[in-house]
Amino acid sequence: MTTPVTVSRVRRRQIAQLIANGMRLDGRGLTEYREIKIERGLIERAEGSAKVSLGRTIVLVGVKVGIGEPYSDRPNEGVLTVNSELVPLASPEFEAGPPGEESIELARVVDRGLRESKSIPLEELCIIPGKKVFIIFVDVYVLNHDGNLIDTSAMAALAALLNTKIFNYEVEDGEVVKIKPGFKPLPIRNYPIAVTLAEIDGKLVVDPWLDEEEVMNARITFTFDKDGNICAIQKGGGGFFTKEQVLEAMRIAREKSEELRKIVVEG
Amino acid sequence: MQKAPVRLIDEEGKRVDGREWNELRPIKIEVGVLNNADGSAYIEQGKNKILAAVYGPKEAHPRHLTLPDRALLRCRYHMAPFSVEERKSPAPSRREIELSKVIRESLEPAIFLEHYPRTAIDLFIEILQADGGTRCAGITVASLALADAGIPMRDLVVACAAGKVDNKIVLDLNDIEDKEGEADVPVAFMPNLNAVTLLQMDGTLTPEEFEQAVNLAIEGCKRIYKMQKEALKARYLAIKREVEEQ
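So, a few notes on the structure that sits alongside this text. As a convention, each chain's residues are numbered from 1 in the sequence order in which they are written. Numbering of ligands from 1 and lettering of chains from A proceed in the order in which they are written. Residues qualify for local features only when their pLDDT is at least 70, as the model is predicted, and side-chain atom pairs are given and counted only at 80 or more; totals for whole chains, interfaces and linings, by contrast, use all residues. Heavy atoms from the whole structure form the basis of all side-chain values; hydrogens and water molecules are not counted.

**Examining the overall build of chain B**
Then step 1. Regarding its fold elements, chain B presents four helices and nine strands.
Then step 2. A run of DSSP states H or I qualifies as a helix once it reaches four residues; a run of E qualifies as a strand once it reaches two. Both are numbered from the N-terminal end. Counting from the amino terminus, chain B carries its helices and strands in the arrangement β-β-β-β-α-β-α-β-β-α-β-β-α.
Then step 3. A compact globule built from 246 residues should have a C-alpha radius of gyration of about 18 Å, and chain B, at 19 Å, falls within 12% of that.
Then step 4. Relative accessible area decides the class of each residue, using a 1.4 Å probe on protein chains only: under 20% of the type maximum gives buried, over 50% gives exposed, and in between gives partly exposed. By residue count, 53% of the 246 residues in chain B fall in the buried class.
Then step 5. To be clear on the numbers: accessible area is Shrake-Rupley with a 1.4 Å probe, and residue cover counts the displayed protein chains and nothing else. Surface summary for chain B: the accessible area is close to 11200 Å², and the carbon and sulfur share equals 51%. Computation of the radius of gyration draws on C-alpha atoms alone. For the globule rule, the value is 2.2 Å times the number of residues to the power 0.38.

**Describing the overall build of chain A**
Then step 1. Scanning chain A for helices and strands turns up five helices and 12 strands.
Then step 2. Relative to the compact-globule value of 18 Å for 267 residues, chain A shows a C-alpha radius of gyration of 20 Å, a close match.
Then step 3. Seen along its three principal axes, the alpha-carbon backbone of chain A occupies a region of about 70 × 40 × 35 Å.
Then step 4. Counting the 267 residues in chain A, one finds 55% classified as buried.

**Some thoughts on the packing of helix α2 (residues 101-116) of chain A against helix α1 (residues 94-107) of chain B**
Then step 1. Every axis corresponds to a line fitted to the C-alpha atoms, with the helix fit spanning only the stretch in contact, and the corresponding angles, defined between N-to-C directions, vary from 0 to 180 degrees. Where α2(A) meets α1(B), the closest approach of the two axes is 9 Å, and the angle between their N-to-C directions is 105°. Judged on the interaxial angle alone, α1(B) and α2(A) are roughly perpendicular. Of the residues in α1(B), those in contact with Glu101(A), Ile104(A), Glu105(A), Ala107(A), Arg108(A) and Arg112(A) of α2(A) are Arg94(B), Arg95(B), Ile97(B), Glu98(B), Lys101(B), Val102(B) and Arg104(B).
Then step 2. Of the residues assigned to the contact of α2(A) with α1(B), the class counts are four nonpolar, no polar and nine charged. Note that the term roughly parallel is reserved for angles under 35 degrees, roughly antiparallel for angles over 145, roughly perpendicular for angles of 65 to 115, and oblique for everything else. We call two residues in contact when some of their heavy atoms are within 4.5 Å. Nonpolar residues are Ala, Val, Leu, Ile, Met, Phe, Trp, Tyr, Cys and Pro. Charged residues are Asp, Glu, Lys and Arg, and all others, Gly as well, are polar.

**Structural notes on the packing of aromatic side chains**
Then step 1. Pairs were defined over the aromatic rings of Phe, Tyr and Trp, the Trp ring being its six-membered one, requiring ring centres within 6.5 Å. Orientation was assigned from the angle between planes: stacked under 30 degrees, edge-to-face over 60, tilted for the rest. For the structure on display, the rule yields five aromatic pairs over all chains.
Then step 2. Judged by centre distance (5.5 Å) and plane angle (70°), the ring pair of Phe134(A) and Tyr169(A) falls under edge-to-face. Highlighted residues: Phe134(A) in strand β6 (residues 132-144) and Tyr169(A) in strand β7 (residues 165-172), separated in sequence by 35 residues.
Then step 3. Its relative accessible area of 2% is what places Phe134(A) among the buried residues.
Then step 4. By relative accessible area, Tyr169(A) is classed as partly exposed at 26%.
Then step 5. Among the aromatic side chains, those forming a connected cluster through ring pairs are Phe134(A), Phe167(A) and Tyr169(A).
Then step 6. In this structure, Lys165(A) is placed above the aromatic ring of Phe183(A), and the distance from its NZ or CZ to the ring centre is 5.2 Å.
Then step 7. Either the NZ atom of lysine or the CZ atom of arginine qualifies as a charge over a ring when it sits within 6 Å of the ring centre and within 35 degrees of the ring normal. Over the aromatic face of Phe112(B) sits the side chain of Arg154(B), whose NZ or CZ is 4.3 Å from the ring centroid.

**Some details on the sheet that holds strand β12 (residues 230-236) of chain A**
Then step 1. Only when DSSP finds a minimum of two bridges between them are two strands counted as paired. Spatial ordering of the open sheet is given by β10(A)-β9(A)-β11(A)-β12(A)-β9(B)-β8(B)-β6(B)-β7(B), a layout of eight strands whose pairing is antiparallel. The sheet terminates laterally at β10 (203-206) of chain A together with β7 (168-171) of chain B, the two strands that pair on one side only. The sheet shows a mean angle of 20° between the axes of neighbouring strands, taken without regard to direction.
Then step 2. Note that strand β8 (residues 183-190) of chain B and strand β9 (residues 195-205) of chain B share six bridges and pair antiparallel. If you follow Phe189(B) over to β9(B), its bridge partner there is Val196(B).
Then step 3. On the sheet, helix α2 (residues 134-148) of chain B packs against β6 (158-165), β8 and β9 of chain B and is oriented at approximately 165° with respect to β6(B).

**Some details on the pattern of salt bridges**
Then step 1. Put simply, a salt bridge is a Lys or Arg side-chain nitrogen that is within 4 Å of an Asp or Glu carboxyl oxygen. As enumerated under the stated definition, the model contains 46 salt bridges over all chains in all.
Then step 2. Residues Glu259(A) and Lys256(A) are paired through a salt bridge, measuring 3.1 Å at the closest nitrogen-oxygen approach. Separated by three residues within a single helix, Glu259(A) and Lys256(A) lie in helix α5 (residues 243-266), roughly one turn from each other.
Then step 3. For the salt bridge of Asp172(B) with Arg25(B), the shortest nitrogen-to-oxygen distance reads 2.8 Å. Taken together, the residues Asp172(B) in the loop between β7 and α3 (175-180) and Arg25(B) in the segment before β1 (27-31) connect sequence positions 147 residues apart.
Then step 4. Of the residues examined, Arg25(B) reaches a relative accessible area of 4% and is grouped as buried.
Then step 5. When salt bridges that share partners are traced, they join Arg24(A), Asp26(A), Arg28(A), Arg34(A), Arg56(A), Asp146(A), Asp207(A) and Glu212(A) into one network.

**Focus: a nonpolar patch on the surface**
Residues and elements named next belong to chain B.
Then step 1. Each patch is assembled from residues with relative accessible area greater than 30% and no salt bridge, linking like charges that lie within 9 Å and nonpolar side chains (Val, Leu, Ile, Met, Phe, Trp, Tyr) that lie within 5 Å. Together, Tyr236, Ile239 and Val243 line one region of the surface with nonpolar side chains, adding up to about 260 Å² of accessible area.
Then step 2. Within the fold, tyrosine 236 resides in helix α4 (residues 207-245).
Then step 3. Given a relative accessible area of 40%, tyrosine 236 falls into the partly exposed group.

**Here's the deal with the interface of chain B and chain A**
Then step 1. On the chain A side, the residues contacting the 34 residues of chain B number 39 residues.
Then step 2. Summing the contributions of chain B and of chain A, the shared interface buries around 3100 Å²; its carbon and sulfur component is 56%.
Then step 3. At the surface where chain B touches chain A, the tally comes to four salt bridges.
Then step 4. Counted as a polar contact is a pair of N or O atoms within 3.5 Å, where, for protein atoms, one must be capable of donating a hydrogen and the other of accepting one, and residues adjacent in sequence contribute only when both atoms are in side chains. If you look at where chain B meets chain A, you find 18 residue pairs in polar contact (both at pLDDT 80 or more).
Then step 5. Of all the secondary structure elements, the ones that give two or more residues to the side of chain B that touches chain A are α1, β9 and α4 of chain B.
Then step 6. The dominant element in the side of chain B that touches chain A, judged by the number of residues it contributes, is β9(B), at 11 residues.
Then step 7. Grouping the amino acids of the side of chain B that touches chain A by side-chain chemistry returns 16 nonpolar, eight polar and 10 charged. Note: buried area is the sum, over both parts, of the accessible area (probe 1.4 Å) each one loses when the two are combined.

**Remarks on the packing of α1(B) against α2(B)**
Residue and element names in this part refer to chain B.
Then step 1. Two elements in contact, α1 and α2, have axes whose closest approach is 10 Å; the angle formed by their N-to-C orientations is 45°. The orientation of α1 relative to α2 falls into the category oblique. Of the two possible hands of crossing, α1 and α2 adopt the one that is right-handed. Between α1 and α2, the residues in contact are Arg95, Leu99, Ile103, Ser106 and Leu107 and Thr134, Arg135, Ile139, Ala142, Ser143 and Leu146, respectively.
Then step 2. Looking at the contact of α1 with α2 residue by residue, the classes come out as six nonpolar, three polar and two charged. By definition, turning the near helix anticlockwise from the far helix through less than a right angle yields a left-handed crossing, and turning it clockwise yields a right-handed one.

**Some details on the pairing of β7(B)**
Residue and element names in this part refer to chain B.
Then step 1. In this structure, β6 lies alongside β7, joined through four bridges in antiparallel fashion. By the bridge assignment, lysine 164 is partnered in β7 with isoleucine 169.
Then step 2. Connecting β6 to the next strand, β7, in antiparallel fashion are two residues, including aspartate 166 with a positive phi near 45°.

This is the structure:
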């Protein structure tokens, strides 16, 4: 558990009072995202990469593609693994060392969205059944933490996968995989988008920034696929939502997810 | 190797273990089962067998973790190596670390942590046998262990999952329904406060199905809540009897 950033009581009250009146300290509306900027393919050594900034939050995702063994219970499927690093340079709260629960949760929520929406057709990443498959390593690298790491990371992961290429290969004697020159794009079938809302004094706001995360009672993330179905949910924080708030959050998230998807997929 | 299609609901609408869509698995709860712990409880839900124990409020170690204005709640959700089909390494997995976090966050809103500043409350949940829905049964039993430790709470937290199996929304998924089904929605709830304290989902659901699933899960929570209270009462009636006999 990272130590909470201290927000003074005055600021706490200011944030809450503004929200109660439908406003926010940084001038946004309650369901308005910060400015989103996406840079694609900036790491040449990686098979795919993207850097997404959401206001002052910056997340870089690099995708590496390797060849390895499939899981024994899924011999005909490629492997997707998502890992996240809260790099110490990103925040005074982050420390070097093995991943903590926050980092693990972040990676697992991003993973769940990609996996459950079947965005990557893993069965198409099988090379020799039971022996060789493509392994897609998605590494989430947080570079500056100013709140809402989940949405930023999910967008960066999707943007990075969308420009990921996998190498051409041929199989010799049904055993050896030979890499041939040239690449083809990684197949992507779905575009999951995570939308996080924070509950502050009974009000819901989207895309909480760091100070709002400090003040919030709880957060909830809905990940929607391209057909408007929910493919992952995660509640976080030591507070609660009423059932009515959960359903309201779902409706807001569904709407916002379409808006964000356009930016990530088409933009 | 094509997986044989699994039928999880038969022609008569019965599930693999013979239940109806809105039926809970048999539940057995016992409070106060361990001597050393300040509070403890045990639950069986289907083939799930789960122990929870609470130590504290007590001095927090290491000291730098103490919070000036409230107690520190620490939670460890852990699966025994023999609790699942294939032996699980006893080292905490990423899944267990995530679950420990969300379980802690599901219980925090219930506890008057501000009554015990600078202390720690340690909660241990041991999954002795897993049969799907362990996080939910773990929360249900953990809040009883907290109550048994005499820690003041706003309400008991109770948890239950609903999900989608063979295209139908069903209550309290077992292991095979969880693995083969289309979606799983665990919910933790404080009935007196209408408070959802844990909500997760994996799988795919339309917004309408999600709403149904949440409603059904909360319905399940309310039923388990009654059993929780019975178990707690039984514990105190037993103590009362013991005292009267002396």
